[in-house]
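# Descriptive structure summary
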Amino acid sequence: MLRPFSVKLGIFALVLSPVVAHGQAADQSHTVRQGDTLWELARQYRGDPFLWPDIYRMNTAVVEDPHWIYPGEVLRLSGAEEMAAVPATDTPAPPAMVESEVAGAQAADTEPPVEQAGPATTATLAQLAQAPSDSDEQEPLFGPRPASTLKESIQAYTRKEYRPLRKTEFYSSGFLTENQKLPWARVIGPVTPSQIGATTVVNDAMPYVSIAIEAPRGATYQIGDTLLIAHRGVDWKSYGEVIIPTGLATVTDTVSGRYIASVVAAYGPIRPGQAALPAEKFMPAGAEHAVPVSDGVRGELLGGPTRQDLKLPQMVVFIDKGQQDGVAAGDIFEVRRKAGITDDGRVRTHELLATLQIVHVRNHSATGRLLNVLLPDIPQGTEVRQVAKLPS
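Residues numbered from 1 in each chain as written. Predicted model: local features only at pLDDT ≥ 70, side-chain atom pairs only at ≥ 80, totals over all residues. Heavy atoms only, no water.

## As for the overall build of the protein
Of regular secondary structure, the protein possesses seven helices and 18 strands. Pairs at least 24 residues apart make up 66% of the contacts formed inside the protein by residues separated by at least 6 positions. When the accessible surface of the protein is totalled, it reaches about 24,500 Å², and 55% of it is carbon and sulfur. (Helix = DSSP H or I, 4+ residues; strand = E, 2+ residues; numbered from the N terminus. Contact = heavy atoms within 4.5 Å. Areas by Shrake-Rupley, 256 points an atom, 1.4 Å probe, with all protein chains shown as cover.)

Shown next, in the form of structure tokens:
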């Protein structure tokens, strides 16, 4: 039989538990651990994995690429209630200094300024990241101390590397088939273990789950081959089908004439009936930044893979220029509205609407991701202009 004090303590611990029903975030932050993804964090703290863009938008100062988060990074999960855009009260005046403090301040002003050196700052951060912690102290009851959190943040910052092209964006952004006949396989469904037949019940396949795949007639796969799992969308005028990737899977075995593949990446729901295709080889581009170009390629914005407003960074778009026009992965394009007069008589100026980076290129079209959006009202057919390229 529980004592009244024990019952109260249990209720108190339950109230302070980080898992809250209906997706409400109890903690204001989360320190990334090995194996964490924004998808899983949204499922844990928001109750819906498809709300991961909300967590990403609150942490763009920390997360460079939403598909890559690193252990030690501290992510905000909700805005602090005490923070406001406009202070509720005026900033108080600084307290008056006594004569001794004034004299000390004047003496400090006469000292020569200290030179600020970039390498010294980096070394300081690295030293802080490797600073030993007090092992004698017990772990606090309600999470790590601020000093530990700062140390983890510095560790994540010092080991981040700039990458102009990212493997995850290359595979997850999709493309237009340009009416080309591709050797599509068919996803039959998840199988666990591989000796049991695949089920056709709608059940999303998560990473490291095995799925059965039926290869197209005449095609064979080898153990270790990587397949792109995708949803085949609607036809896009003369540019063919819209391909929306949902994940990557590696072939691990063959059973009864079918192939068994292990899901190694998930970009969306992987379900029976989806298509599979041998994945293209990703070519990294080093660490160089794009350099400006004059008289770059000009084309038109075709739109996104689905019917939605183009208003947020990281959204996928297609343009009507490709490899044969001189477009390459890593190119930076500006989306600009032409000057003119609308049908209702309004004067429209030539203005910048958004910028995007090309992440996938085909012969006559290319896929880009929005880097920033200045004005969200971007219709199809808006002019795009190449303004920078990666060094070849």
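Next comes the rest of the description.
## Remarks on the confidence of the model for the protein
As a general rule, the predicted coordinates of low-pLDDT regions are not to be interpreted in detail. This prediction gives the protein a mean pLDDT of 74; 67% of its residues lie at or above 70. The weakest mean pLDDT in the protein belongs to helix α1 (residues 4–15) at 39; the strongest belongs to strand β9 (residues 275–278) at 96. Scored below 50 in pLDDT, residues 194–201 makes 16 contacts in the model with residues more than four places away or belonging to other chains. (pLDDT = per-residue confidence, 0-100.)

## Observations regarding the nonpolar core
Ranked by size, the top nonpolar core spans 17 residues in total, and within it Leu 301, Ile 319, Phe 333, Val 335, Leu 356, Ile 358 and Leu 370 carry the most contacts. Elements with a contribution of two residues or more to this core: β12 (316–319), β13 (332–337), β16 (351–361) and β17 (366–373). Element by element, the count of residues in this core is highest for β16, at four residues. Setting aside its immediate chain neighbours within four residues, Ile 319 contacts Glu 300, Leu 301, Leu 302, Phe 333, Ile 358, Ser 365, Ala 366 and Val 384. Listed in part, the 15 residues of the second largest apolar core include Tyr 171, Ala 230, Leu 248 and Leu 390. (Core = buried A, V, L, I, M, F, W, Y, C linked by side-chain atoms within 4.5 Å. Buried < 20%, exposed > 50% of the residue type's maximum accessible area, 1.4 Å probe, protein only.)

## Notes on the environment of Asp 320
Mapped onto the elements of the fold, Asp 320 is located in the loop between β12 and β13. The class of Asp 320 is buried, set by a relative accessible area of 16%. Along the backbone, Asp 320 and Gly 299 are 21 residues apart, and their C-alpha atoms lie at a distance of 6.0 Å. Once you skip the residues sitting within four places of it in the chain, Asp 320 turns out to touch Tyr 239, Gly 299, Glu 300, Leu 302, Asp 325, His 364 and Ser 365. Here the side chain of Asp 320 touches Glu 300 through a polar contact of 2.8 Å, landing on its backbone nitrogen. (Polar contact = N/O pair within 3.5 Å; in protein donor to acceptor, adjacent residues only side chain to side chain.)

## Focus on the packing of aromatic side chains
Under the defined criterion, the tally for this structure stands at three aromatic pairs. Geometrically, the ring pair formed by Phe 170 and Tyr 171 is edge-to-face, given 4.9 Å between the ring centres and 75° between the ring planes. Assigned by exposure class, Phe 170 and Tyr 171 land together as buried. Aromatic ring contacts, followed pair by pair, group Phe 170, Tyr 171 and Phe 282 into a single cluster. (Phe/Tyr/Trp six-rings, centres within 6.5 Å; stacked < 30°, edge-to-face > 60°.)

## A closer look at helix α2 (residues 38–46)
Of the positions making up α2, those classed as buried are Leu 38, Trp 39, Leu 41, Ala 42 and Tyr 45. Projection of α2 onto a plane perpendicular to its axis shows the buried side chains occupying an angular sector of 165°, all on one side. Buried-residue contacts for α2 involve β1 (29–31), α3 (52–57) and β2 (74–76). Following α2 by one or two positions, Gly 47 has its phi on the positive side, about 85°. (Arc of directions from axis to C-beta.)

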